[in-house]
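Geometric and topological summary
Given next are the chains, with one letter for each unit.
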Amino acid sequence: MSDEEHHFESKADAGASKTYPQQAGTIRKNGYIVIKGRPCKVVEVSTSKTGKHGHAKCHFVGIDIFTAKKLEDIVPSSHNCDVPHVNRTDYQLIDISEDGFLSLLTENGNTKDDLKLPTDDNLLTQIKDGFAEGKDLVVSVMSAMGEEQICALKDIGPKN
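Report follows, based on the coordinates. (Residues numbered from 1 in each chain as written. Predicted model: local features only at pLDDT ≥ 70, side-chain atom pairs only at ≥ 80, totals over all residues. Heavy atoms only, no water.)

Brief notes about helix α1 (residues 121-132)
Here α1 spans 16 Å end to end across twelve residues, near enough to the 16 Å set by a 1.5 Å rise per residue. By the burial criterion, the buried members of α1 are Leu-123, Leu-124, Ile-127 and Gly-130. Buried residues of α1 fall within an arc of 145° about the axis and therefore sit on the same side. Of the exposed residues in α1, the ones pointing more than 90 degrees away from its buried face are Asp-121, Asn-122 and Ala-132. Trailing α1 by a residue or two, Gly-134 shows a phi angle of about 80°, which is positive. (Helix = DSSP H or I, 4+ residues; strand = E, 2+ residues; numbered from the N terminus. Expected span 1.5 Å × (residues − 1). Buried < 20%, exposed > 50% of the residue type's maximum accessible area, 1.4 Å probe, protein only. Arc of directions from axis to C-beta.)

In structure tokens form, the structure reads like this:
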């Protein structure tokens, strides 16, 4: 055996896959699916009958959960599709920096400073106005496939 010590950089996801396989025929509306490498929420599913060569096909219409673009895919119902691991986490807003990054408070009391303000104008003005008024705001952050984005906002009352 060698006398070298091995040092590994620890990652929070413990090397877990960003997606998991699921049979196309079992994916339903409002579920999630990866279409063209993007995590999408399924808004429409239609299944065609088995044809002369055997496979029933599933036609998926999904909306990218980060860019809101509409994507489509057709997969044989017996084949596996990739389904993204989608997590939603709430953080309390502490501060908004000059360069458009948010300072958020995590569950364990640490700060998370790597999230940019959302690109959605409606959400953006709600966050800026609420913060300017001194309200206690909680932002919901959706994460999937190594991407994170603010998707919702809650007001938990004025700061004391």
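Looking at the pattern of salt bridges
Under the definition given, this model contains seven salt bridges. When the shortest N-O distance is used, the salt bridge between Asp-64 and Arg-38 registers 2.6 Å. Of this pair, Asp-64 sits in strand β4 (residues 57-64) while Arg-38 sits in strand β3 (residues 38-47); the two residues are 26 residues apart in sequence, bridging distant segments of the chain. Under the relative-accessibility criterion, Asp-64 is labelled buried at 3%. Under the relative-accessibility criterion, Arg-38 is labelled partly exposed at 23%. Put simply, Arg-38 and Glu-147 hold a salt bridge, and the shortest N to O gap is 2.6 Å. You can see Arg-38 sitting in strand β3 and its partner Glu-147 sitting in strand β11 (residues 147-158), a full 109 residues away along the chain. A single salt-bridge network, built from bridges that share partners, covers Arg-38, Asp-64 and Glu-147. (Salt bridge = Lys/Arg side-chain N within 4 Å of Asp/Glu carboxyl O.)

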